[in-house]
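Architecture at a glance
Below, each chain spelled out in residue letters.
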Amino acid sequence: MARVAGVSDGTVSNTLNRPHLVNPETRERVLAAMTEVGYVPNAAARALRVGRTRTIGLVVLDFGNPFFAEVAAGAERAATAAGADLALFNTGIGRHEREKRLLTRLAERRLDGLIITPHDVHDPLLAVIEERGTPVVVLAREVPGRRRSAVRSDDLLGGELAARHLLDQGHRRLAFAGWRHDERYQGATTVAGAAGATLTWMGTDGDGIADGLAVGARLTTLTGDDRPTAVFCANDLIATGLVQTVTQHGWWIPQDLAVVGFDGTDLASAAAAVELTSVHQPAAALGEAAVRQVLDEMNNPGHTPQDIVFQPELVVRESTTRRGA
């Protein structure tokens, strides 16, 4: 095959095992030669020989969430470009035991790298996987003390952007629909408190549309000063469900209630009754960066953990407007 492609045996080996070391034109020539001679690489044999499978695991909370679907698309593009495979795993919101069972299996499986959005960034099973030679990169979570690499958006800033936008629209009674420990909530709390505005926490069990429907139902029972005029939701799915409930109750968005989401996914915005104002985070870019980071750690065992932070942006749409305008 090397003779057909006009390259050395080493170049063929690099194309199969370390494609990032081969320039694109040469790589295409080798791949064309493989097709011409009908060569099919034996992945299992190559894994035993070089100690690698070129497989990266991606573990997220819910692929039904458009945000994680876009993350996976970006991660797959980056993995494919590097000649690696991506294995997808879904744990489910709030299913800690399911995640632990999955991590136990993954610790025994031959993976070259793992990207995960964990329930607990300090889970000892992550350390077990690392001790067995598999680099772990945390996605969409901060790792205190930078014990391992993380790729995330600045959620604290995102919460600040959402709250500041609602305050700029004249709102002083705000609510947050999501999880109290969330940095998005903390960022919004800081901005609202500094402005002398109220921010009521409305907790959810998960982060899906059903959770937004439930919060919307609770909102419609509130009256007077107990009723917020604007809600910041932990993600677009919660915002979508909330908007659906309150509009069915006869409320107008944003006249009766302004709503801000988080993630800025195209699918979630299109599913809402009105176009959602949302704090956008670049999901696909997060997935691509996570794959690049885990590949770097695979090739450089003595790496220094990195905290790669993307800056979110507020995208203003129809679900918010200046009061009295």
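Source: prediction; values computed, not measured.

Moving on to the sheet that holds strand β2 (residues 85-90). Within the open sheet, the 6 strands sit side by side as β2-β1-β3-β4-β5-β11. Their pairing is parallel. Since the sheet does not close on itself, it has two edges, and those belong to β2 and β11 (307-310), each with one partner. Neighbouring strand axes in the sheet, compared pairwise and without regard to direction, differ in orientation by 15 degrees on average.

Residue placement: glutamate 183 occurs in helix α9 (residues 183-194). Along the sequence, glutamate 183 and glutamate 142 sit 41 residues apart, while their C-alpha atoms lie 9.8 Å from each other. In this structure, glutamate 183 is in contact with Glu142, Asp155 and Leu156, ignoring residues within four places of it in sequence.

Turning our attention to the packing of helix α10 (residues 209-219) against helix α11 (residues 236-248). As a packed pair, α10 and α11 sit with axes 6 Å apart at the nearest point and diverge in direction by 40 degrees. By the angle between their directions, the pair α10 and α11 is classed as oblique. Between α10 and α11 lies a crossing whose hand is right-handed. Facing α10, whose interface residues are Ile209, Asp211, Gly212, Leu213, Val215, Gly216, Ala217 and Leu219, α11 presents Leu237, Ile238, Thr240, Gly241, Leu242, Gln244, Thr245 and Val246. Of the residues assigned to the contact of α10 with α11, the class counts are 9 nonpolar, 6 polar and 1 charged.

This part takes up the pattern of salt bridges. Two side chains of opposite charge can pair, provided their charged atoms sit close to one another. Under the defined criterion, the tally for this structure stands at 6 salt bridges. Note that lysine 100 is salt-bridged to aspartate 123, the shortest N-O span being 3.3 Å. Of the two residues, lysine 100 is situated in helix α6 (residues 96-108) and aspartate 123 in the loop between β3 (113-116) and α7 (124-131); the sequence distance between them amounts to 23 residues. Here arginine 152 makes a salt bridge to aspartate 307, at a shortest N to O gap of 2.8 Å. In this pair, arginine 152 sits in strand β5 (residues 149-153) while aspartate 307 sits in strand β11, placing the two residues 155 residues apart along the sequence.

One finds Leu219, Val231, Phe232, Cys233, Leu242, Leu257 and Val259 to be the most contacted residues of the largest nonpolar core, which totals 37 residues. Where this core is concerned, the elements lending two or more residues are α8 (155-168), β6 (173-178), α9, β7 (198-203), α10, β8 (230-233), α11 and β9 (258-263). No other element matches the 5 residues that α11 contributes to this core. In this view, leucine 257 contacts Leu219, Pro228, Thr229, Ala230, Val231, Leu242, Val246, Trp251, Trp252 and Ser319; residues no more than four positions away in its chain are not counted. Leu61, Ala75, Ala78 and Val151 belong to the second-largest nonpolar core, a separate cluster that totals 26 residues.

About the cut-offs
Residues numbered from 1 in each chain as written. Predicted model: local features only at pLDDT ≥ 70, side-chain atom pairs only at ≥ 80, totals over all residues. Heavy atoms only, no water. Pairing = 2+ DSSP bridges. Helix = DSSP H or I, 4+ residues; strand = E, 2+ residues; numbered from the N terminus. Axes fitted to C-alpha atoms, helices over the stretch in contact; angles between N-to-C directions. Contact = heavy atoms within 4.5 Å. Parallel < 35°, antiparallel > 145°, perpendicular 65-115°, else oblique. Left-handed = near helix turned anticlockwise from the far one by under 90°. Nonpolar A, V, L, I, M, F, W, Y, C, P; charged D, E, K, R; others polar. Salt bridge = Lys/Arg side-chain N within 4 Å of Asp/Glu carboxyl O. Core = buried A, V, L, I, M, F, W, Y, C linked by side-chain atoms within 4.5 Å. Buried < 20%, exposed > 50% of the residue type's maximum accessible area, 1.4 Å probe, protein only.

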